[in-house]
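Residues per chain are reported as follows:
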Amino acid sequence: MDKLLITKIMGKKDAVDLDDSVYNLRDVCDELRNIIILNLPIDDEFKVRNKRRLKAIYDIVKPMTDKLKDDSYIQGYTNSKKYLLKYIEDMIAYIEGILSAMEPLDFKNFTYYTNMLMDLVLVY
């Protein structure tokens, strides 16, 4: 999706916040995937740090869904708005999946949600 179109749909502040969140997710996902690929142990420090980072991104991105669902907030751009809403909702679902798979550690779901989130981030 074109960044200019995202700015038109969401407004400049939310578009910048989304862009920053996706950028930060790339860094988080890279660290998570290194744990998976290298089969490294997941210690408490890792969990706390990445839960905090994912929760911060979640708290920024979650309110965007309410704005995109509100037809009075944004006029027009129906298909693009639906696509962007689906993208953000998927991002939220995968973040929630990673957070729930960390405690207690469910490595299969942790791997699945991490890979899905990374794929979604790379599409952006």
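Because the structure is a prediction, the values reported are computed rather than measured. (Residues numbered from 1 in each chain as written. Predicted model: local features only at pLDDT ≥ 70, side-chain atom pairs only at ≥ 80, totals over all residues. Heavy atoms only, no water.)

Give a detailed account of the packing of helix α4 (residues 78–102) against helix α5 (residues 107–123), specifying residues and quantitative values.
Direction vectors running N to C along α4 and α5 enclose 150°, while the axes themselves pass 8 Å from each other. Taken together, the axes of α4 and α5 are roughly antiparallel relative to one another. By crossing handedness, the relation of α4 to α5 is classed as left-handed. Residues Y83, Y87, D90, M91, A93, Y94, I95, G97, I98, A101 and M102 of α4 pack against N109, F110, Y113, T114, M116, L117, L120, V121 and V123 of α5. (Axes fitted to C-alpha atoms, helices over the stretch in contact; angles between N-to-C directions. Helix = DSSP H or I, 4+ residues; strand = E, 2+ residues; numbered from the N terminus. Parallel < 35°, antiparallel > 145°, perpendicular 65-115°, else oblique. Left-handed = near helix turned anticlockwise from the far one by under 90°. Contact = heavy atoms within 4.5 Å.)

Please give an account of the pattern of salt bridges that cites residues and values.
With the rule as written, the count across this model stands at 12 salt bridges. The partner of D19 in a salt bridge is K3, and the shortest N-O contact between them spans 3.0 Å. With D19 in helix α2 (residues 12–37) and K3 in helix α1 (residues 3–10), this residue pair connects regions lying 16 residues apart in the sequence. On the basis of relative accessible area, D19 is assigned to the partly exposed category, the value being 28%. For K3, a relative accessible area of 42% gives the class partly exposed. With a shortest N-O distance of 3.6 Å, E45 and R49 are connected by a salt bridge. Of this pair, E45 and R49 both sit in helix α3 (residues 44–69), 4 residues apart, roughly one helical turn. You can call E45 exposed: its relative accessible area is 57%. With a relative accessible area of 26%, R49 lands in the partly exposed category. (Salt bridge = Lys/Arg side-chain N within 4 Å of Asp/Glu carboxyl O. Buried < 20%, exposed > 50% of the residue type's maximum accessible area, 1.4 Å probe, protein only.)

Can you break down the environment of K62 residue by residue, with the values?
Tracing the backbone through its elements, the reader meets K62 in helix α3. Put simply, K62 and I88 are 26 residues apart on the chain and 7.8 Å apart in space, counted from C-alpha to C-alpha.

Report on the packing of α1 against α2, specifying residues and quantitative values.
It is the contact of α1 with α2, at a shortest axis distance of 7 Å, that shows an interaxial angle of 130°. Here α1 lies oblique to α2, going by the angle between them. Taken as a pair, α1 and α2 cross one another with a handedness that is right-handed. Seen from α1, the contacting residues are K3, I6, T7 and M10; seen from α2, they are K12, D14, A15, L18 and D19. Each residue belonging to the contact of α1 with α2 can be placed in one class, and the counts come to 4 nonpolar, 1 polar and 4 charged. (Nonpolar A, V, L, I, M, F, W, Y, C, P; charged D, E, K, R; others polar.)

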